[in-house]
Amino acid sequence: MERIDYLKTTWESYPALPAKTRAAGRLHSLTPNEKGGCQLEILRDGIHVRFELLQIPLYSDILIAGDIIALLEDNQILLLAPSNVLKKGPLFPKEKIKKWNAYLRDVRDFFTELEFVEVKTPSLVPCPGTEPSLDVFSTELKVGSRKEKLFLPTSPELHLKKTLAMGAEKVFEIASCFRNGEITERHQPEFWMLEWYRAYANLDDIKKDVVNLVTYLTEKLQVPGPQKIYSKSIPALFQEYCDFDLKPTTNQEELKELALKLRVDVRSAETIDDYFFLIFLEKIENQLPPKDLIFVENYPPYQAALARLTPEGWGDRFEVYWQGFELANAFHELNDPKIQKLRSQEDVDKKSSMHKEPIRLDDEFFAALERGLPPSGGIALGVERLYMALTGVQNIADLRVFPFQ
């Protein structure tokens, strides 16, 4: 009997698992032997299990690799669910997921031991974050006659800062975040972000947290840590790699001239941020020693984002690099509501000029600032990127059961 005829006329469609079942799983192979029986091999929970049968089971010739079967106590085979595609599907990566889950537990344990409180912020928000370069995902809330445009967050930052204004002092979250427009070996539209904040603290405290977290995880995973740990300022890096004296007052035309001198392609540049980023990416970031854990600090004021300015006029923030990855972005948090609202509106205007999807500001966030936000340090760290740096995984999609392709 042909398989298609058996499935149409003889097979009891999708039966439940019988009580008298020796084993069940996905058929890998069913091979006749010289003794008139056969060897049955099934795949269950990632493990191949073999059985020697004294005779060939009824209807065995209609089975194909990939079928879900049950081996009954009388050594007959029951087809539970046929595989209706010729191409083999992916296997559930159990061991990979177990290692990933253990890593997440270690991260949580680190902060719990420091008496941080884990917070769950919303996944539908009125403002996804104002960073001009990021593309966002939007949707619409509909409740009766009420309609409201909402977004998937690019970061949980605004809501975590609201908790500081509410009186929290040490908070963290491992949050799903969403950024549109880019799929690469290091980017997925949905990814995990670890953010933590310390009230009444500054960037020195956050740096210590980063070093201690990396040390803690290298010990847990039993992998090598950084060769060296140190800080470098943006002006020092521009001097070292570009032979250029970068100042807080350096303007767009001066950066454009520098790019031409360094032969950096800046044809796509429209703003001073673009010129800075293109030079930094090609001439500095790609040259940083990968084995060292490096804190890059003191950014130009137009790169300050949600950070304070230092007395010298630099953005009081740092980014962390290790193993060729930009791992994290930290701010000595700006808590002046007037300056914050001005900067946020400037970001919204930049988005508009770049023809990106319009967003609105989060009024609740500014109300929280008006109530008073203590001097604080905070950081956003890519959870997958840190794991990749620790373990040598090269493609973020390899950490997913269902990656975007």
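Before going into details, it helps to say that this report is about the structure given with it. (Residues numbered from 1 in each chain as written. Predicted model: local features only at pLDDT ≥ 70, side-chain atom pairs only at ≥ 80, totals over all residues. Heavy atoms only, no water.)

### Things to note about the overall build of the protein
- Broken down by element type, the protein carries ten helices and 15 strands.
- Since a compact globule built from 405 residues should have a radius of gyration of about 22 Å, the 28 Å found for the protein marks it as more spread out than a globular shape.
- Here the C-alpha coordinates of the protein stretch approximately 85 × 55 × 45 Å along the principal axes.
- Expressed as a percentage of the 405 residues in the protein, the buried residues total 46%.
- Just so you have it, the protein exposes about 21900 Å², and 52% of that area is on carbon and sulfur atoms.
- On the protein, the mean spot of the 51 positive side-chain charges and the mean spot of the 62 negative ones are 3 Å from each other. (Helix = DSSP H or I, 4+ residues; strand = E, 2+ residues; numbered from the N terminus. Rg over C-alpha atoms; globule rule 2.2 N^0.38 Å. Buried < 20%, exposed > 50% of the residue type's maximum accessible area, 1.4 Å probe, protein only. Areas by Shrake-Rupley, 256 points an atom, 1.4 Å probe, with all protein chains shown as cover. Lys, Arg positive; Asp, Glu negative; His and termini not counted. Charge placed at Lys NZ, Arg CZ, Asp CG, Glu CD.)

### So, a nonpolar patch on the surface
- There is a patch of nonpolar side chains on the surface, built from Met1, Leu58 and Tyr59 and spanning about 320 Å² of accessible area.
- Exposure remark for Tyr59: the relative accessible area of 33% places this residue in the partly exposed category. (Patch = residues over 30% accessible without salt bridge, like charges linked within 9 Å, V, L, I, M, F, W, Y side chains within 5 Å. Salt bridge = Lys/Arg side-chain N within 4 Å of Asp/Glu carboxyl O.)

### Re the pairing of strand E1 (residues 21–32)
- Judged from the five bridges that link them, E1 and strand E4 (residues 68–72) form a sheet pairing that is antiparallel. Looking at E4, one finds that Ala23 is bridged to Leu71.
- Direction of pairing for E1 relative to strand E2 (residues 38–44): antiparallel, over a ladder of six bridges. Across the sheet, residue Ser29 finds its bridge partner in E2, namely Glu41. (Pairing = 2+ DSSP bridges.)

### Remarks on the sheet that holds strand E11 (residues 229–233)
- Across the sheet, eight strands lie side by side as E6-E9-E10-E15-E14-E13-E12-E11; this open sheet has mixed pairing. The two strands at the open ends of the sheet, each matched to only one other strand, are strand E6 (117–118) and E11.
- Relative to strand E14 (residues 325–332), strand E13 (residues 315–322) runs antiparallel, the two sharing six bridges. For Val320, the partnering residue across the bridge sits in E14 and is Ala328.

### With respect to the packing of aromatic side chains
- Tallied over the entire structure, the rule returns 17 aromatic pairs.
- Note on Tyr103 and Tyr387: the rings are 4.8 Å apart at their centroids and 55 degrees apart in plane angle, and the pair reads as tilted. Of this pair, Tyr103 sits in helix H2 (residues 94–113) while Tyr387 sits in helix H10 (residues 383–391); the two residues are 284 residues apart in sequence, bridging distant segments of the chain. There is no split in this pair, since Tyr103 and Tyr387 are both buried. (Phe/Tyr/Trp six-rings, centres within 6.5 Å; stacked < 30°, edge-to-face > 60°.)

### Comments concerning the pairing of E14
- Within E14, six of the eight residues are buried, leaving the element largely enclosed by the surrounding structure.
- Two successive antiparallel strands, E13 and E14, enclose a turn made up of two residues, where Gln323 displays a positive phi of approximately 60 degrees.
- Strand direction decides the pairing type here: E14 and strand E15 (residues 376–382), joined by five bridges, are antiparallel. Within E15, the position partnered with His332 by the bridge is Gly377.

### Focus on the pattern of salt bridges
- By the definition in use, this model includes 22 salt bridges.
- Residues Asp265 and Arg267 are paired through a salt bridge, measuring 2.8 Å at the closest nitrogen-oxygen approach.
- By sharing partners, the salt bridges in this structure join Arg146, Glu148 and Arg360 into a single network.

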